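These are the residues of each chain, in order.
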Amino acid sequence: MRPDGRTLRELRPVRFERDFTVFAPGSVLVSMGRTKVLCTASVEERVPAWLRGSGRGWVTAEYSLLPGSSRERVSREAARGRQSGRTQEIQRLIGRSLRAVTDLVAVGEQQVTLDCDVLQADGGTRTAAICGAYLALHDCFTRQVQAGLLVRHPLTDTLAAVSVGIVDGVCMVDLDYAEDSRAEVDMNVVMTGSGRFVEVQGTAEGAPFSRGELDELLTGAAEAIGVLLRQQAEVLAEPPAPRR
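Residues numbered from 1 in each chain as written. Predicted model: local features only at pLDDT ≥ 70, side-chain atom pairs only at ≥ 80, totals over all residues. Heavy atoms only, no water.

1. Details of the overall build of the chain
Each helix and strand in the chain was counted, giving six helices and nine strands. Relative to the 2.2 N^0.38 estimate, which gives 18 Å for 244 residues, the radius of gyration of the chain is 18 Å and therefore close to what a compact globule would have. Projected onto the principal axes, the alpha-carbon positions of the chain cover approximately 55 × 40 × 35 Å. For the chain, the proportion of its 244 residues judged to be buried stands at 47%. Excluding contacts between residues fewer than 6 apart, the proportion of contacts in the chain whose partners are at least 24 apart in sequence is 69%. Summed over all atoms, the accessible surface of the chain reaches about 11,800 Å², with 51% contributed by carbon and sulfur. For the chain, the distance from the average position of its 29 positive side-chain charges to the average position of its 32 negative side-chain charges is 5 Å. (Helix = DSSP H or I, 4+ residues; strand = E, 2+ residues; numbered from the N terminus. Rg over C-alpha atoms; globule rule 2.2 N^0.38 Å. Buried < 20%, exposed > 50% of the residue type's maximum accessible area, 1.4 Å probe, protein only. Contact = heavy atoms within 4.5 Å. Areas by Shrake-Rupley, 256 points an atom, 1.4 Å probe, with all protein chains shown as cover. Lys, Arg positive; Asp, Glu negative; His and termini not counted. Charge placed at Lys NZ, Arg CZ, Asp CG, Glu CD.)

Quick look at the structure:
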């Protein structure tokens, strides 16, 4: 058992609050334990210059830790005049993950931006952001189909992500900050509903890990992602209300 009473392969309590804001065509507040991330999808009638005239759209992401999201105030990166390398790496991960399950031709020449703002950070913010951003993107595209703006839904598969790691020599899933900060191995896994890997980010923070430990981590991640996918499916079982 872990300090919060979870078993090694048990997720923290997960909640998806749909349409958390009223103006974005897709909006989800995702909570995984004490980690909370607001994910919104916004549509612009433009694409990057290198896609103009191609008939293809684009899906991208922006990520931010908001002041007050951790015990010590996080300063706004805009005030510093530049994004940190960590922020750039995380938002690229989110964008890559969503594009892996999106038919960009079906999107048409428009860009959808997923803004993932961390309201409260207690570990696993990037994986929570991917789970919430997928739902926000799904609702955004569904509303465009409802309005006749898209011929078909561009998402080709489901998507979820989770953190896993080795703490005190033991493999476990969905690390909170206390566990993540002392993990010997830290890994983030993104998978589709068809069981394919989109991304595996794994690093030995201390001693190197074995092939057997890697297999155990991936097995635990796949099981946890299966749970997340089922919870997402419950949220999407009812179509979002059309926006007026």
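2. Comments concerning the environment of Gly33
Along the chain, the position of Gly33 falls in the loop between strand 2 (26-32) and strand 3 (35-44). Classification of Gly33 by relative accessible area gives partly exposed; the value is 26%. Here the alpha-carbon distance between Gly33 and Gly124, two residues 91 residues apart in the chain, equals 9.6 Å.

3. Let's talk about the UniProt feature "binding site: phosphate" (unreviewed entry) in the chain
Per the UniProt annotation, the sites labelled "binding site: phosphate" (unreviewed entry) are Arg86, Gly124, Thr125 and Arg126. What stands out for the annotated residues spanning 41 residues is how close their C-alpha atoms remain, the widest pair being 13.6 Å apart. From the list above, the largest pocket is lined by Arg86, Gly124, Thr125 and Arg126. Positionally, Gly124 belongs in the loop between strand 5 (111-120) and helix 4 (125-146). Summarising the element assignment, Thr125 is placed in helix 4. Once you skip the residues sitting within four places of it in the chain, Thr125 turns out to touch Thr35, Val37, Tyr63, Arg86 and Val118. (UniProt positions renumbered as here; feature names shortened; annotations may be inferred. 1 Å grid on protein atoms, 1.4 Å probe; cavity = no way out; pocket = protein on both sides within 12 Å on 5 of 7 lines; lining within 4 Å.)

4. Observations regarding the side chain of Arg6
With respect to the helices, strands and loops of the structure, Arg6 is situated in the segment before strand 1 (14-18). Using a relative accessible area of 4% as the deciding quantity, one classes Arg6 as buried. For Arg6, the side chain forms a polar contact with the side chain of Asp4, separated by 2.8 Å. Not counting residues within four places of it along the chain, the set of residues in contact with Arg6 comprises Met1, Leu11, Arg12, Val173, Asp174, Asp176 and Glu179. (Polar contact = N/O pair within 3.5 Å; in protein donor to acceptor, adjacent residues only side chain to side chain.)

5. Things to note about the environment of Ser54
Positionally, Ser54 belongs in the loop between strand 3 and strand 4 (58-65). As for Ser54 and Ala221, which are separated by 167 residues in sequence, their C-alpha atoms are 37 Å apart.

6. Focus on the sheet that holds strand 8 (residues 185-192)
The strand order across the open sheet formed by four strands is 7-6-8-9, and the pairing between neighbours is antiparallel. Both outer strands of the open sheet, strand 7 (170-173) and strand 9 (197-204), are each paired with one neighbouring strand and no more. Geometrically, the sheet is characterised by an average inter-axis angle of 15° between neighbouring strands, direction not taken into account. The pairing of strand 6 (residues 159-167) with strand 8 spans eight bridges and is classified as antiparallel. Bridge pairing in strand 8 links Ser163 to Asn188. The strands touched by helix 2 (residues 85-99) within the sheet are strand 6, strand 8 and strand 9, with strand 9 carrying the most contacts at an inclination of about 150°. (Pairing = 2+ DSSP bridges. Axes fitted to C-alpha atoms, helices over the stretch in contact; angles between N-to-C directions.)

7. Some thoughts on the pattern of salt bridges
Tallied over the entire structure, the rule returns 17 salt bridges. Its salt-bridge partner being Arg143, residue Asp19 comes within 2.8 Å of it at the nearest N-O pair. Of the two residues, Asp19 sits in the loop between strand 1 and strand 2 while Arg143 sits in helix 4, which places them 124 residues apart along the sequence. The partner of Arg96 in a salt bridge is Glu199, with the nearest N and O atoms 2.7 Å apart. Taken together, the residues Arg96 in helix 2 and Glu199 in strand 9 connect sequence positions 103 residues apart. (Salt bridge = Lys/Arg side-chain N within 4 Å of Asp/Glu carboxyl O.)

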